[in-house]
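This is what each chain is made of:
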Amino acid sequence: MALIVQKYGGTSVGSVERIQAVADRVCKARARGDDVVVVVSAMSGQTNRLVELAYAISEEPVGREYDVLLSSGEQVSIALVAMAIQSAGRAARSFLGYQADIQTDASFGRARIESIDASRIQRALNEGAVAVVAGFQGTDSEGNITTLGRGGSDTTAVALAAALKADVCEIYTDVDGIYTTDPRIVPEASRIPRIAFEEMLELASLGAKVLQTRSVEFAMKYAVPIHVRSSFHEAEGSWVVPEEESMEQVVVRAVAYDKNEARISLLQIPDQPGVAHKVFSPLSEAGIVVDMIIQNDSQRSGHTDLTFTVPTADRARTVALIEEANKRLGGSGIESDADIAKVSVVGVGMRTHSGVATRMFAVLSEAGINIQMISTSEIKISVVIAEEHTDKAVQALHAAFKLDALA
Ligand code: ADP
Ligand code: ASP
Ligand code: MG
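First, a word on what this report is: a plain description of the structure on this page.

1. Some remarks on the environment of Ile78
You can see Ile78 is positioned in helix α4 (residues 72–87). Looking at Ile78, the relative accessible area reads 3%, which means it is buried. Sequence separation between Ile78 and Ala338 is 260 residues, and the spatial gap between their C-alpha atoms is 36 Å. In this structure, Ile78 is in contact with Val40, Ser94, Phe95, Leu96, Val132, Val133 and Ala134, ignoring residues within four places of it in sequence.

This is the structure in structure tokens:
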């Protein structure tokens, strides 16, 4: 008998039929004798609708109310899933984030889970019920409802699996595993049967939406095996596991892209000590996460351009926040562009193989795509390009690194 956490994403609970399919799968696991905790997202499209409503009412919705609104989608699905399981003949009990004692910090819209007291869930399991928990939400120390950032139900599931010491965390979604790139862009992409935590962490943080980044961090920290699979059939999906020796033989494992960043440039600011601090400290105080940063060579003029990226949603706020610093520094202006994309290649094999960057630049040059920014780390190379070229870049890189032949 195992303890399994099963997380179902939006499409997997998107209709009455899909919810009944969830109940069937849960009941099969119960019939095998397994204890099951189900974590669910809002029905597909619902969270987007709520975001639109919020912005139709207010240009800058207040975080606390925004999270009360956004968390409501999951309340609907836990109730429906619990009812479906009951109709299929098994005991089930639904839990909102606070009822499952999921404590977070107070960063509305992107809260981090700080602790989970799983005793109430454990009690439900001991009584023979399936616990159906709302993903994506928790409460801060004041009892305010918080949400965990888009895609946050993955993190609820893995964190619960860690707290309950579950045998596995199954992530049911609309693709049948983790692919060498987004199969919506490259239909020939191949499923990766086993992927290292570290590679998955990079992929997730570079935009592959199949798992939320925080969920992979939790899995890595608490050694929770994740099985990403389709809710539409029974086939085996992809396992996210500790690194295995054979994994380094593959140099590039996957290609990721992210269209949710904006590029910001401060033009012709003085090249002096303290400048970067003046520019970036207001941003860090405002909780804005800066990703890539480049500074041009300034040897001749004593002036330089400073370019960086932030999440698109923070673009306007960022420009407003650095205006003051730009004025004080006597810079010649601020430019910003949201029509960019970051495209990355990832693989633990890059640690021991060279030449990937050169190859990547050659492929993009052959495709006539201009590179605006570059950043590298031990196991990834990222470039910023114009957003309109995203699909072409991903397809060209996927083909050049022969990823369709991997599996
Ligand atoms: P859910 O609602 O089930 O959480 P998401 O939409 O958040 O599902 O994540 C699944 C989607 O992630 C897939 O439909 C796919 O388009 C996208 N995706 C992006 N990169 C990858 C990848 N490397 N492998 C699999 N899916 C990916
Ligand atoms: N419903 C939330 C979202 O759409 C959380 C999730 O699906 O994981 O982002
Ligand atoms: Mg998701």
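2. Section: the site of ligand 2
Neighbouring residues of ligand 2: Ser41, Ala42, Thr47, Glu74, Phe136, Arg150, Gly151, Gly152 and Ser153. At 3.1 Å, a side-chain N or O of Ser41 approaches an oxygen atom of ligand 2. Gly151 is positioned such that a nitrogen or oxygen atom in its backbone is 2.9 Å from an oxygen atom of ligand 2. Surface burial for ligand 2 is 86%, taken as the share of its 260 Å² of free accessible area covered by protein chains. Tallied by class, the residues present in the shell around ligand 2 amount to two nonpolar, five polar and two charged.

3. Here's the deal with α4
Helix length check: α4, at 16 residues, gives a terminal C-alpha distance of 23 Å against a target of 22 Å (1.5 Å per residue), a fit within 8%. Of the residues making up α4, those classed as buried are Gly73, Glu74, Ser77, Ile78, Val81, Ala82, Ala84 and Ile85. For α4, the arc enclosing every buried residue in end-on projection is 160 degrees, short of the 170-degree limit, so these residues lie on one face. Gly89 occupies a position one or two residues after α4 and carries a positive phi of about 100 degrees.

4. Remarks on the packing of aromatic side chains
Overall, the coordinates contain four aromatic pairs when judged by the stated rule. Between Tyr55 and Tyr66 the ring centres are 6.1 Å apart and the planes differ by 75 degrees, which places this aromatic pair in the edge-to-face class. Of this pair, Tyr55 sits in helix α2 (residues 46–57) while Tyr66 sits in helix α3 (residues 63–70), and the two are 11 residues apart along the sequence. Residue class for Tyr55 comes out partly exposed when judged on its relative accessible area of 46%. You can call Tyr66 buried: its relative accessible area is 16%.

5. Here's the deal with the sheet that holds strand β17 (residues 333–337)
Sheet strands line up and pair through hydrogen bonds in the backbone, either parallel or antiparallel. An order of β15-β16-β14-β17 is seen for the four strands of this open sheet, with the pairing classed as antiparallel. Each end of this open sheet is capped by a strand with a single partner; those strands are β15 (293–295) and β17. Put simply, the sheet's adjacent strands are angled 15 degrees from each other on average, direction ignored. Of the strand pairs in this sheet, strand β14 (residues 261–270) and strand β16 (residues 303–311) are connected by eight bridges, and their pairing is antiparallel. Its bridge partner lying in β16, Ile264 is registered against Phe308.

6. Brief notes about the packing of α2 against α3
The N-to-C vectors of α2 and α3 enclose an angle of 145 degrees; their axes lie 9 Å apart at closest approach. Like other packed secondary-structure pairs, α2 and α3 cross with a definite hand, here right-handed. For the pair formed by α2 and α3, the contact residues are Thr47, Leu50, Val51, Ala54 and Tyr55 on the first element and Tyr66, Leu69 and Leu70 on the second. Its residues placed into classes, the contact of α2 with α3 shows seven nonpolar, one polar and no charged.

7. With respect to the state of the cysteines
Counting across every chain of the model gives zero disulfides. With no disulfide partner, Cys27 has as its closest neighbouring cysteine sulfur the one in Cys169, 19 Å distant.

8. As for the site of ligand 1
As a matter of local geometry, ligand 1 sits amid 17 residues, with Thr173, Asp174, Tyr179, Asp182 and Arg184 nearest to it. Taking Asp174, its side chain carries an N or O atom lying 2.9 Å from an oxygen atom of ligand 1. The side chain of Arg184 places a nitrogen or oxygen atom 2.6 Å from an oxygen atom of ligand 1. Contact with the protein chains covers 90% of the free accessible surface of ligand 1, which is 570 Å².

9. Overview of the sheet that holds strand β19 (residues 373–377)
Pairing is antiparallel across the open sheet formed by four strands, whose spatial order is β13-β18-β20-β19. The open sheet terminates on both sides in strands that have one partner only, identified here as β13 (254–258) and β19. For this sheet the average axis-to-axis angle between neighbouring strands, irrespective of direction, equals 20 degrees. Of the strand pairs in this sheet, β19 and strand β20 (residues 380–386) are connected by five bridges, and their pairing is antiparallel. Bridge pairing in β20 places Ser375 opposite Ser382. Sheet contacts for helix α12 (residues 390–400): β13, β18 (340–346) and β20; angle to β18, the most-contacted strand, approximately 10 degrees.

10. Quick word on the pattern of salt bridges
Within the structure shown, the criterion is met by 21 salt bridges. Of the charged contacts, one joins Arg351 and Glu198 as a salt bridge, the two residues approaching to 3.0 Å between their closest N and O atoms. Here Arg351, found in the loop between β18 and α11 (356–366), pairs with Glu198, found in helix α7 (residues 197–205); they are 153 residues apart in sequence, far enough to count as distant. Arg351 gets classed as partly exposed once you look at its relative accessible area, which sits at 29%. Lys342 is paired through a salt bridge with Glu261; the nearest N and O atoms lie 3.2 Å apart. Placement of the pair is Lys342 in strand β18 and Glu261 in strand β14, with a sequence separation of 81 residues. Salt bridges here are not isolated pairs; linked through shared partners, they connect Glu198, Glu243, Glu248, Arg351 and Glu378.

Conventions used here
Residues numbered from 1 in each chain as written. Chains lettered and ligands numbered in written order. Predicted model: local features only at pLDDT ≥ 70, side-chain atom pairs only at ≥ 80, totals over all residues. Heavy atoms only, no water. Helix = DSSP H or I, 4+ residues; strand = E, 2+ residues; numbered from the N terminus. Buried < 20%, exposed > 50% of the residue type's maximum accessible area, 1.4 Å probe, protein only. Contact = heavy atoms within 4.5 Å. Near = heavy atom within 4 Å. Polar contact = N/O pair within 3.5 Å; in protein donor to acceptor, adjacent residues only side chain to side chain. Areas by Shrake-Rupley, 256 points an atom, 1.4 Å probe, with all protein chains shown as cover. Nonpolar A, V, L, I, M, F, W, Y, C, P; charged D, E, K, R; others polar. Expected span 1.5 Å × (residues − 1). Arc of directions from axis to C-beta. Phe/Tyr/Trp six-rings, centres within 6.5 Å; stacked < 30°, edge-to-face > 60°. Pairing = 2+ DSSP bridges. Axes fitted to C-alpha atoms, helices over the stretch in contact; angles between N-to-C directions. Left-handed = near helix turned anticlockwise from the far one by under 90°. Disulfide = S-S within 2.5 Å. Salt bridge = Lys/Arg side-chain N within 4 Å of Asp/Glu carboxyl O.

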